[in-house]
Amino acid sequence: TPTLSAREQEITELISEGHTTKEIAQRLCISAKTVETHRAMIMEKLKVKNVAELIKQAIRLGIIKI
């Protein structure tokens, strides 16, 4: 099972709630580019190609709750 950092888990949750990159960046006081970098790392760790797969896999692995 891939291990996500606390920040990656936080970003995964916000993505699953439908927040945009810009909204996530503002909420976490980081740049949009940093959010994109985190998302890319999360997708790499979970071996997924898009956000829909990311959310599905995160639920399957128990990273996020419905």
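Quick note: structure is the one above.
So, a few notes on the structure that sits alongside this text.

Procedures and definitions
Residues numbered from 1 in each chain as written. Predicted model: local features only at pLDDT ≥ 70, side-chain atom pairs only at ≥ 80, totals over all residues. Heavy atoms only, no water. Helix = DSSP H or I, 4+ residues; strand = E, 2+ residues; numbered from the N terminus. Buried < 20%, exposed > 50% of the residue type's maximum accessible area, 1.4 Å probe, protein only. Contact = heavy atoms within 4.5 Å. Axes fitted to C-alpha atoms, helices over the stretch in contact; angles between N-to-C directions. Parallel < 35°, antiparallel > 145°, perpendicular 65-115°, else oblique. Left-handed = near helix turned anticlockwise from the far one by under 90°. Nonpolar A, V, L, I, M, F, W, Y, C, P; charged D, E, K, R; others polar. Salt bridge = Lys/Arg side-chain N within 4 Å of Asp/Glu carboxyl O.

### Section: unusual backbone geometry
Even without being glycine, Cys29 reaches a positive phi, approximately 55 degrees. Along the chain, Cys29 falls in the loop between α2 (21-28) and α3 (32-46). Judged by relative accessible area, which is 72%, Cys29 ranks as exposed. Its identity is not glycine, yet Lys47 carries a phi of approximately 55 degrees, on the positive side.

### Let's talk about the environment of Thr3
Mapping Thr3 onto the fold places it in the segment before α1 (6-16). Here the alpha-carbon distance between Thr3 and Thr37, two residues 34 residues apart in the chain, equals 16 Å. With residues near it in sequence (within four places) discarded, Thr3 still touches Glu8 and Lys45.

### Notes on the environment of Gly18
On the secondary structure map, Gly18 appears in the loop between α1 and α2. Owing to a relative accessible area of 55%, Gly18 belongs among the exposed residues under this scheme. Once the C-alpha coordinates of Gly18 and Ser31 are considered, the two residues, 13 residues apart in sequence, prove to be 18 Å apart.

### Some remarks on the packing of α3 against helix α4 (residues 51-60)
Any two packed helices are characterised by the angle at which their axes cross and by the distance between the axes. Running from N to C, α3 and α4 cross one another at 60 degrees; their axes reach a closest spacing of 10 Å. It follows from the interaxial angle that α3 and α4 lie oblique. For the pair α3 and α4, the sense of crossing is left-handed. Note on element contacts: α4 touches α3 through Val51, Leu54, Gln57 and Ala58, opposite Arg39, Ile42, Met43 and Leu46. For the contact of α3 with α4, the residue count by class is six nonpolar, one polar and one charged.

### Examining the pattern of salt bridges
All told, the structure shown has two salt bridges when counted by the stated rule. With a shortest N-O distance of 3.0 Å, Glu10 and Arg7 are connected by a salt bridge. On the criterion of helical spacing, the pair formed by Glu10 and Arg7 is a turn pair, its members being three residues apart in helix α1. Looking at Glu10, the relative accessible area reads 35%, which means it is partly exposed.

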